[in-house]
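Structural features, examined
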Amino acid sequence: QVQLVESGGGLVQAGGSLRLSCAASGGTFSDYAMGWFRQAPGKEREFVARIRWGTYYPDSVKGRFTISRDNAKNTVYLQMTSLKPEDTAVYYCAADREYGLLRSKESQYEYWGQGTQVTVSS
């Protein structure tokens, strides 16, 4: 059983940057693909980034967000730049054991963190 704990959320002005972290425990971290999702009020959970042998982003964040991982620290990061008010959401870390890179559906991930709030003011 893998436990995921996100941190780093907060309030930032539009155009600013923020780095989220997700610490994993309970498994062999390098065996897992890691992803980030977000959910704004009244909206469905949305895929943001994935890292396995490479990285994968939707167009909405490509060029602004960067996912990375440190296997020695069992941690995955999401560096967010040029933030917009529409990036406001609860951000969730997720994990699965599949090797594929193009996995963007919520149902494809086995483990989830509790989320961290990101608010971008205009």
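To keep things clear, this report deals only with the structure shown in the data block. Not measured: the values here are computed from a predicted model.

Let's shift gears to the sheet that holds strand β3 (residues 18-25). Strand order in the open sheet formed by four strands is β1-β3-β8-β7, and the pairing between neighbours is antiparallel. Either end of the sheet is taken by a strand with one partner, and the two such strands are β1 (3-7) and β7 (65-70). Strand-to-strand, the axes of this sheet are offset by a mean angle of 20°, without reference to chain direction. The pairing of β1 with β3 spans five bridges and is classified as antiparallel. Paired with Ser7 across the strands is Ser21, a residue of β3.

For the rest of this paragraph, the subject is the pattern of salt bridges. Tallying each qualifying case throughout the model produces eight salt bridges. Here Arg38 and Glu46 are joined by a salt bridge, their closest N and O atoms 2.8 Å apart. For Arg38, a relative accessible area of 6% corresponds to the buried category. For Glu46, a relative accessible area of 33% translates into the label partly exposed. Between Asp87 and Arg38 there is a salt bridge, with the nearest N and O atoms lying 2.8 Å from each other. You can see Asp87 sitting in the loop between β8 (75-80) and β9 (89-96) and its partner Arg38 sitting in strand β4 (residues 33-39), a full 49 residues away along the chain. In the salt-bridge network here, residues are joined through shared partners; they are Arg38, Glu46, Arg64 and Asp87.

Conventions adopted
- Numbers given for residues are sequential positions, taken from 1 along each chain in its written order.
- Residue-level local features of this predicted model are given only where pLDDT is at least 70; pairs of side-chain atoms are given and counted only at 80 or more, and the full residue set underlies all totals for whole chains, interfaces and linings.
- The side-chain values count all of the structure's non-hydrogen atoms but skip hydrogen atoms and water molecules.
- A pair of strands is labelled paired if DSSP reports no fewer than 2 bridges between them.
- Only DSSP runs of H or I reaching four residues or more are called helices, and only runs of E reaching two or more are called strands; each is numbered from the N terminus.
- Orientation is described by lines fitted to C-alpha atoms, with helices fitted over the stretch in contact, and by angles between N-to-C directions that extend from 0 to 180 degrees.
- Each salt bridge in this description consists of a side-chain nitrogen of Lys or Arg and a carboxyl oxygen of Asp or Glu lying within 4 Å of one another.
- Relative accessibility under 20% of the residue-type maximum defines a buried residue, over 50% an exposed one, and the middle range a partly exposed one, all with a 1.4 Å probe and only protein chains included.

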